[in-house]
Each structure stands twice: as C-alpha cells, then as structure tokens.
Amino acid sequence: AQSVTQPDIHITVSEGASLELRCNYSYGATPYLFWYVQSPGQGLQLLLKYFSGDTLVQGIKGFEAEFKRSQSSFNLRKPSVHWSDAAEYFCAVASSNTGNQFYFGTGTSLTVIP
Amino acid sequence: EPEVTQTPSHQVTQMGQEVILRCVPISNHLYFYWYRQILGQKVEFLVSFYNNEISEKSEIFDDQFSVERPDGSNFTLKIRSTKLEDSAMYFCASSEEAQAKYFGPGTRLTVL
C-alpha cells in the first residue's frame, strides 16, 4: 500500500536559516511526488512536483526538492527561510497508474522566528 | 493565476441535515476531486470525477455522499444526512492532467 511519512511534526527555524523538511514514501512503482503548503485558513498550494527526469526539482517561493529512490525520500529544502514561509507543509504521493488518489503525509508545521 | 474557488468558506449544520458544498474548478481542467481533512489528521481522498462520472472513490465516500457537475463551471459535493464525524475541512481540487492537482481554499463543515 502507498503511504507517506513526514517524521517531523513541528520544526522551528530562525529567519534566514536553511530548511529541510523530510518526506519518505512507500510505493512499489515509480511514484509521482508533490509538496504542498497550507497557510492558516488557506487551501493547499502546490509548491513543486516530481514525475520523472532530473531528480532535483525547483518549485515556487525558492523551494526545491530532491528525489532519492534509494532512500525512498523526497525532502523539501530552502536555503534561506522567510517569515512568510511559516505554514503547514504536506508531502503527497500519487500512483503513476491512475493518479486519482493522492496519499498525504500528516504534515510538518513550520514556525519561523525572527 | 487561475484558481479553484469554494463556497461557502464555513458551513454550520445540524446533524441529519443535508449540505451542499460548491466548487468552481479552473476552467480548462477536466479532472475534479473532493478531499477532506478532519482536524489534526491527514488530508483524505474522497472521490474523483471525469467525463461526467465518478472515476474513483474511497471507502469514505459512501451512499450519503454524491457529486455533481450541474453546469459547465460548478462541481458540488452533497452530504445527504450529516453526522458529527463529517465535521472537517473539505477541499475541492481540479487538474488538467491526472497528476497535478490544484486545490481550493476549502470549506469548513461543522456538524452540531
């Protein structure tokens, strides 16, 4: 069965510091991987996605993620965090067959301190 | 940038009542979805809709749920007889292709 694990429930970083949010997935075939961000009271905004090709993908707002098949990971990174990045971040995986169902992780809440 | 919109933003209803949650997907998208997020839990898939019919649904999507695309722009989720455990944030999503989904801001449903 497909599943997504985000080991960190809550992360606090200082503004300007680098950030890495972890995501591990379980899926037999090649997965389609996504990162979404949810600000309070807002919907889920797509940050970036990986389907195939270059394993380092660039997204919006200066985020990037690297697909590592050997580690079944798709960690999200940002070199310098801004206060406006404080939000909930969700990793998701979709099957490459139908793509209808997304499996979300439980999310990582990011707090940014001045 | 085009976006998915949802109304209302918050719906309060009594247990046993029917509710209809409305969504306007992005105009050129062909795939439509409903997801829900119970407070403090994961976002869960409910149903996908393509070519005017349900293409896939989860175990959560039982007979009390239905979806409809009544016209060329709206996509609705109806819950016939709400239960307390239906209280959640309901997200509509749409996509041009099957894998890249754009989500709306959600409707918070509170069942009393």
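The notes below deal with the structure included here. Everything quoted here is computed from the prediction, not taken from an experiment.

Scanning chain A from N- to C-terminus turns up zero helices and twelve strands. Written out in order from the N terminus, the α and β elements of chain A read β-β-β-β-β-β-β-β-β-β-β-β. Relative to its length of 114 residues, chain A is compact, with a C-alpha radius of gyration of 13 Å against a globular reference of 13 Å. Its C-alpha atoms give chain A principal-axis dimensions of roughly 45 × 30 × 20 Å. Taken across its 114 residues, chain A has 48% of its residues classed as buried. Long-range contacts, defined as pairs at least 24 residues apart, comprise 54% of the intrachain contacts of chain A with a sequence gap of at least 6. Between the averaged position of the 7 positive side-chain charges in chain A and that of its 8 negative side-chain charges there is a distance of 5 Å.

Moving on to the sheet that holds strand 8 (residues 75–79) of chain B. Residues and elements named next belong to chain B. In space, the four strands of this open sheet follow the order 1-3-8-7, with antiparallel pairing throughout. Each edge of the sheet is formed by a strand with only one pairing partner; in this case those strands are strand 1 (5–7) and strand 7 (65–68). Each strand of the sheet is rotated relative to its neighbour by a mean of 20°, with strand direction disregarded. Judged from the four bridges that link them, strand 7 and strand 8 form a sheet pairing that is antiparallel. The partner of Ser66 across the bridge, within strand 8, is Lys78.

Attention now goes to the state of the cysteines. On inspection of all chains with the given rule, the structure shows two disulfides over all chains. Shown here is the disulfide that connects Cys23(A) with Cys91(A), its sulfur atoms set 1.9 Å apart. Residues Cys23(A) and Cys91(A) are joined through a disulfide that is left-handed, its torsion about the S-S bond being -65°. Note that Cys23(A) is positioned in the loop between strand 3 (19–21) and strand 4 (24–26) and Cys91(A) in strand 10 (residues 87–94), a separation of 68 residues in sequence. The pair Cys23(A) / Cys91(A) is uniform in exposure class, with both members buried. Note that Cys23(B) is cross-linked by a disulfide to Cys92(B), the S-S spacing being 1.9 Å. Given an S-S torsion of about -65°, the disulfide between Cys23(B) and Cys92(B) has left-handed geometry. With Cys23(B) in strand 3 (residues 19–24) and Cys92(B) in strand 9 (residues 88–95), this pair connects stretches of sequence that are 69 residues apart.

What counts, and where the lines are drawn
- Residues numbered from 1 in each chain as written.
- Chains lettered and ligands numbered in written order.
- Predicted model: local features only at pLDDT ≥ 70, side-chain atom pairs only at ≥ 80, totals over all residues.
- Heavy atoms only, no water.
- Helix = DSSP H or I, 4+ residues; strand = E, 2+ residues; numbered from the N terminus.
- Rg over C-alpha atoms; globule rule 2.2 N^0.38 Å.
- Buried < 20%, exposed > 50% of the residue type's maximum accessible area, 1.4 Å probe, protein only.
- Contact = heavy atoms within 4.5 Å.
- Lys, Arg positive; Asp, Glu negative; His and termini not counted.
- Charge placed at Lys NZ, Arg CZ, Asp CG, Glu CD.
- Pairing = 2+ DSSP bridges.
- Axes fitted to C-alpha atoms, helices over the stretch in contact; angles between N-to-C directions.
- Disulfide = S-S within 2.5 Å.

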